[in-house]
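Fold and contact review
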Amino acid sequence: RKEVEQDPGPFNVPEGATVAFNCTYSNSASQSFFWYRQDCRKEPKLLMSVYSSGNEDGRFTAQLNRASQYISLLIRDSKLSDSATYLCVVNARTGGFKTIFGAGTRLFVKA
Amino acid sequence: SQTIHQWPATLVQPVGSPLSLECTVEGTSNPNLYWYRQAAGRGLQLLFYSVGIGQISSEVPQNLSASRPQDRQFILSSKKLLLSDSGFYLCAWYRDSNTGELFFGEGSRLTVL
């Protein structure tokens with residue numbers, strides 16, 4: 001079993017749609033969680049951190065369920081510019097950080 | 001401001017040729033630096049990390065090596081490239097040491113033919 005698992009997609013959605021991505025992790029000692037966005041042939045960039053209380057940034061909402069070891073990202077009112085790969089990232093603290101990346105979920109938003 | 005620069009951005013190399021990828025950090029001192037590789041359709045794999053000059057830790061056995069000749073410079077090398085070395089190489093550091101937020105350079109895309 002992979003330490004961080006994501007649905008690879010691709011997700012093909014029309015503009016204006018709501019799309020949800022899921023991620024599960026296996027290390028119950030994981031402490032911090034992120035969603036990164038990676039555009040084609042570019043480096044990953046932080047989209048948002050994920051907190052147990054849930055957090056929202058404009059059209060993006062991230063949720064964490066520690067009991068189920070599950071993370072989600074919801075994108076409302078999708079834009080063409082949201083087309084990218086979304087990476088789920090999980091950190092465990094073992095002295096330093098152990099950072100594990102999911103393989104990513106590919107999103108295509110079409111007009 | 002804090003930035004990471006990687007060079008070169010793209011390269012195509014024949015099998016058996018040497019490799020040198022450079023990562024330079026600006027706006028910080030004594031950073032912990034990391035080399036990741038992203039193969040097509042796969043997640044990021046940690047290759048090496050360095051906590052200081054001359055200090056290198058390897059995460060996976062492979063055909064590659066790393067060096068930290070200066071505080072803000074991290075180099076990835078190979079003496080003889082393999083086809084399987086193709087990929088997108090990313091240098092990174094933890095911008096937020098409390099949360100573990102990683103910040104990446106622009107990456108170096110290597111194709112071995």
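Here is a short report on the structure shown in this document. As the structure is a prediction and not an experimental result, all values here were calculated from the model.

Scoring rules and cut-offs
- Residues numbered from 1 in each chain as written.
- Chains lettered and ligands numbered in written order.
- Predicted model: local features only at pLDDT ≥ 70, side-chain atom pairs only at ≥ 80, totals over all residues.
- Heavy atoms only, no water.
- Core = buried A, V, L, I, M, F, W, Y, C linked by side-chain atoms within 4.5 Å.
- Buried < 20%, exposed > 50% of the residue type's maximum accessible area, 1.4 Å probe, protein only.
- Helix = DSSP H or I, 4+ residues; strand = E, 2+ residues; numbered from the N terminus.
- Contact = heavy atoms within 4.5 Å.
- Pairing = 2+ DSSP bridges.
- 1 Å grid on protein atoms, 1.4 Å probe; cavity = no way out; pocket = protein on both sides within 12 Å on 5 of 7 lines; lining within 4 Å.
- Points joined across faces, edges and corners; volume = space filled by probe spheres on them.
- Nonpolar A, V, L, I, M, F, W, Y, C, P; charged D, E, K, R; others polar.
- Buried area = accessible area lost by both parts, 1.4 Å probe.
- Salt bridge = Lys/Arg side-chain N within 4 Å of Asp/Glu carboxyl O.
- Polar contact = N/O pair within 3.5 Å; in protein donor to acceptor, adjacent residues only side chain to side chain.

Moving on to the nonpolar core. If you look at the biggest cluster of nonpolar residues, it comprises 24 residues, and the most contacted ones within it are A:Phe21, A:Trp35, A:Ile71, A:Leu73, A:Ile75, A:Tyr86 and A:Leu107. Those elements giving two or more residues to this core turn out to be strand S3 (19–25), strand S4 (30–38), strand S5 (45–50), strand S7 (60–65), strand S8 (70–75), strand S9 (84–94) and strand S11 (105–110) of chain A. Other than its neighbours up to four places away in sequence, A:Leu107 contacts A:Phe11, A:Val13, A:Val19, A:Phe21, A:Ile75, A:Asp82, A:Ser83, A:Ala84 and A:Tyr86. Formed by 20 residues, the second largest nonpolar core is a distinct cluster that contains B:Ile4, B:Leu21, B:Ala66 and B:Cys91.

Okay, the pairing of S11(A) next. All names here are of chain A. Of the two faces of S11, only one is covered, namely that formed by Thr-105, Leu-107 and Val-109; the face formed by Arg-106, Phe-108 and Lys-110 stays uncovered. As judged from the 4 bridges shared by strand S2 (residues 11–14) and S11, these two strands associate in the parallel manner. Bridge pairing in S11 links Phe-11 to Leu-107. Across 3 bridges, S9 lies against S11 in antiparallel orientation. Bridge pairing links Ala-84 to Leu-107 in S11.

Moving on, we get to empty space enclosed by the protein. Sizing a probe to match a water molecule and rolling it over the atoms shows the empty space that remains. Residue and element names in this part refer to chain A. Overall, the coordinates contain 1 cavity of 30 Å³ or more when judged by the stated rule. One number sums up the size of the largest cavity: a volume of about 70 Å³. In terms of lining residues, the largest cavity is bounded by Glu-3, Val-4, Tyr-25, Ser-26, Asn-27, Ser-30, Val-90, Asn-91, Ala-92, Lys-98 and Ile-100. Breaking the lining of the largest cavity down by element, the ones donating at least two residues are S9 and strand S10 (96–101). Looking at which element gives the most residues to the lining of the largest cavity, the answer is S9, with 3 residues. The class makeup of the residues in the lining of the largest cavity is 5 nonpolar, 4 polar and 2 charged.

So, about the layout of surface pockets. Size it by volume and the largest pocket reaches roughly 840 Å³. Broken down by element, the residue count for the lining of the largest pocket peaks at 6 residues, all from S10(A). Residues belonging to the lining of the largest pocket are distributed by class as follows: 14 nonpolar, 10 polar and 7 charged. Empty space within the second largest pocket amounts to approximately 470 Å³. Contributing to the lining of the second largest pocket are 20 residues, with A:Gln38, A:Thr85, B:Gln38, B:Ala40 and B:Gly41 lying nearest its centre. Taken together, the elements giving at least two residues each to the lining of the second largest pocket come down to S9 and S11 of chain A together with strand S9 (87–96) of chain B.

Moving on, we get to the interface of chain A and chain B. Across the boundary between the two partners, chain A contributes 17 residues, which contact 20 residues of chain B. For the pair chain A and chain B, the summed buried surface comes to about 1,400 Å²; carbon and sulfur atoms form 55% of the total. Counting the surface chain A buries against chain B, the share from its top three residues, A:Glu43, A:Phe97 and A:Phe101, is 35%. Linking chain A with chain B are 0 salt bridges. In this structure, the connection of chain A to chain B is made through 6 residue pairs in polar contact (both at pLDDT 80 or more). Elements that contribute at least two residues to the side of chain A that touches chain B include exactly S4, S9 and S10 of chain A. With 4 residues, the top contributor of residues to the side of chain A that touches chain B is S4(A). For the side of chain A that touches chain B, the residue count by class is 8 nonpolar, 5 polar and 4 charged.

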